[in-house]
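Coordinate analysis (summary)
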Amino acid sequence: MSIFSEDEGMHYEGYCIRPPSEADSILLQVTLGCSHNRCTFCGSYGDKRFKIKDDEIILSDILYAGRYMSHRNRLFLMDGDALIVPQKRLMWILEQIEEHLPQVKQVGAYANVKSIKKKSKEELEELRRHNLSILYLGVETGDDEIREAIQKGSSAATCIEMGRKLKEAGIKVWVTVLLGIGGREKSLRHARATGELLSAMDPDFVGALTVMLIPGTPLYEDYVNGKFELPDQTGLLRELREMIAHTNLTRGYFFSNHASNYLPIKAKLPSGKQKALDLIDSALRGDVRLKPEWMRAL
């Protein structure tokens, strides 16, 4: 007999993080923390040790959502890397969602290179058939020297390979990249390498965020000790321009409308590329108002 009641509410633990595009989704926490959790810039999961939540709790939350959230047709699996859940268990979760939330037609989750590697193409296709149709992959940069410095744990080439693997399985890919992560010195190099990676991976969506220096993280300590210098507003705009200029997508969107950014952009590539570059040029000339500092946030 279950010790959890479906009327108790959702069993969230710690600070819950989801992509901005999942704001209206049902948030189902199936893991705690991040299976990698070594990135030097990230303070999101410092309060959690990674684990997969008990099936009983997960089912209780699905039943609660089925009772009180039947008007929502999208669901997001938290926390930092739900794709790492073993295939049999992840399939069970998706099947419970199908049974108790039949209106949900899109399930999304964060993923990383390690979790994608662990799934065969056939397993990914199976997940797609059960509505896991979009995965969010934190690429951050296409420069391998910077990737090593921020402890991403994988190469740009591996990111490209894993992104293509997801697309071949029919899963939409949303890639996030970080403006400023190369510091002032490597800003444009980072932008060019990232644009080249994005072009090779050809994701459906790209979301650019700006690095926010979070106390307690290794990157923040480097900043305090003078080992890392974040580009200023002009430098970040130039970096964004260089990145978009070197990004060639077959058919995708490039966003910089996250709360951390100074200039929001929504560009459909390739057709909207020049318009986006022109907007950045206008901002560099001072003809476009940038987001004030007090409005920026993670």
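Computed from a predicted model, the values in this text were never measured in an experiment.

1. With respect to the packing of helix H2 (residues 87-100) against helix H4 (residues 121-129)
Contact geometry of H2 with H4 gives a least axis separation of 10 Å together with a crossing angle of 15°. Here H2 lies roughly parallel to H4, going by the angle between them. As H2 runs across H4, the sense of the crossing is left-handed. In contact with Gln87, Leu90, Met91, Leu94 and Glu98 of H2, H4 contributes Glu123, Glu126, Leu127 and Arg129. When the residues that make up the contact of H2 with H4 are grouped by side-chain class, the tally is 4 nonpolar, 1 polar and 4 charged.

2. Side note on the pattern of salt bridges
In total, this model carries 12 salt bridges according to the counting rule given. When the shortest N-O distance is used, the salt bridge between Glu145 and Arg189 registers 3.2 Å. Placement of Glu145 in helix H5 (residues 144-149) and of Arg189 in helix H7 (residues 187-201) is noted, with a sequence separation of 44 residues between them. For Glu145, a relative accessible area of 44% puts it in the partly exposed group. On the basis of relative accessible area, Arg189 is assigned to the partly exposed category, the value being 34%. Here Arg285 makes a salt bridge to Asp287, at a shortest N to O gap of 3.2 Å. For Arg285, a relative accessible area of 56% puts it in the exposed group. Taking relative accessible area as the criterion, Asp287 reaches 55% and is therefore assigned exposed. Each of Asp143, Glu145, Lys186 and Arg189 takes part in a single network of salt bridges with overlapping partners.

3. A few points about the nonpolar core
Formed by 66 residues in total, the largest nonpolar core has its most connected members in Leu28, Leu75, Leu77, Ile97 and Phe254. Apart from residues lying up to four places away in sequence, Leu28 is in contact with Met10, Ile58, Asp61, Ile62, Leu75, Phe76, Leu77, Met78, Ile93 and Ile97.

4. Examining the confidence of the model for the chain
The share of residues in the chain with pLDDT of 70 or more is 97%, and the mean pLDDT across the chain is 94. In the model, residues 1-6 has pLDDT below 50 throughout and makes 14 contacts with residues more than four positions away in sequence or in other chains.

5. Here's the deal with the sheet that holds strand E9 (residues 252-255)
With respect to topology, 8 strands assemble into an open sheet ordered E1-E4-E5-E6-E7-E8-E9-E10, the strand pairing being mixed. Unpaired on one side and paired on the other, strand E1 (26-29) and strand E10 (266-269) mark the two borders of the sheet. Within this sheet the neighbouring strands show an average axis-to-axis angle of 20°, counted without direction. Where E9 lies against E10, 4 bridges are found, and the strand directions are antiparallel. From the neighbouring strand, Tyr253 faces E10, where its bridge partner is Lys268.

6. Thoughts on the packing of aromatic side chains
Geometrically, a pair of aromatic rings is defined through the distance of the ring centres and the angle of the planes. Considering all chains together, one arrives at 11 aromatic pairs under this definition. Ring geometry for Tyr110 against Tyr136: centres 6.1 Å apart, planes inclined by 70°, an arrangement best described as edge-to-face. Here Tyr110, found in strand E5 (residues 106-111), pairs with Tyr136, found in strand E6 (residues 132-140); they are 26 residues apart in sequence, far enough to count as distant. Exposure remark for Tyr110: the relative accessible area of 16% places this residue in the buried category. Ring geometry for Trp174 and Phe205: centres 4.8 Å apart, planes at 20°, overall stacked. A residue pair is termed long-range when its members are at least 10 positions apart, and Trp174 in strand E7 (residues 172-179) and Phe205 in strand E8 (residues 205-210) qualify at 31 residues. A relative accessible area of 17% places Phe205 in the buried class. A connected cluster of aromatic rings, assembled from ring pairs, spans Phe76, Tyr110, Tyr136, Trp174, Phe205, Tyr253 and Phe255. Above the ring of Tyr262, the side-chain terminus of Arg296 is found at 4.2 Å from the ring centroid.

7. Some thoughts on the packing of H4 against helix H6 (residues 156-168)
A pair of packed helices is characterised by two quantities: the angle between their axes and the separation of those axes. Running from amino to carboxyl end, H4 crosses H6 at an angle of 50°, the nearest separation of the two axes being 9 Å. If you check the angle between H4 and H6, you find them oblique. With respect to the hand of their crossing, H4 and H6 are arranged in right-handed fashion. Packed against H4, whose contacting residues are Lys121, Leu124 and Glu125, the element H6 presents Lys165, Leu166 and Glu168 at the interface. Looking at side-chain class alone, the contact of H4 with H6 contains 2 nonpolar, no polar and 4 charged residues.

8. A short note on unusual backbone geometry
A cis amide bond links Met78 with the next residue in sequence, Asp79, at an omega value of 5°. Here Asp79 shows up in the loop between strand E4 (74-78) and H2. Cis geometry is found at the peptide bond from Leu269 to Pro270, where omega equals 5°. Here Pro270 shows up in the loop between E10 and helix H10 (273-284). You will see that Asn131, though not glycine, has its phi angle at about 80°, which is positive. Backbone geometry places Gln151, a non-glycine residue, at a positive phi of 60°.

Rules behind the numbers
- Residues numbered from 1 in each chain as written.
- Predicted model: local features only at pLDDT ≥ 70, side-chain atom pairs only at ≥ 80, totals over all residues.
- Heavy atoms only, no water.
- Axes fitted to C-alpha atoms, helices over the stretch in contact; angles between N-to-C directions.
- Helix = DSSP H or I, 4+ residues; strand = E, 2+ residues; numbered from the N terminus.
- Parallel < 35°, antiparallel > 145°, perpendicular 65-115°, else oblique.
- Left-handed = near helix turned anticlockwise from the far one by under 90°.
- Contact = heavy atoms within 4.5 Å.
- Nonpolar A, V, L, I, M, F, W, Y, C, P; charged D, E, K, R; others polar.
- Salt bridge = Lys/Arg side-chain N within 4 Å of Asp/Glu carboxyl O.
- Buried < 20%, exposed > 50% of the residue type's maximum accessible area, 1.4 Å probe, protein only.
- Core = buried A, V, L, I, M, F, W, Y, C linked by side-chain atoms within 4.5 Å.
- pLDDT = per-residue confidence, 0-100.
- Pairing = 2+ DSSP bridges.
- Phe/Tyr/Trp six-rings, centres within 6.5 Å; stacked < 30°, edge-to-face > 60°.
- Lys NZ or Arg CZ within 6 Å of the ring centre and 35° of its normal.

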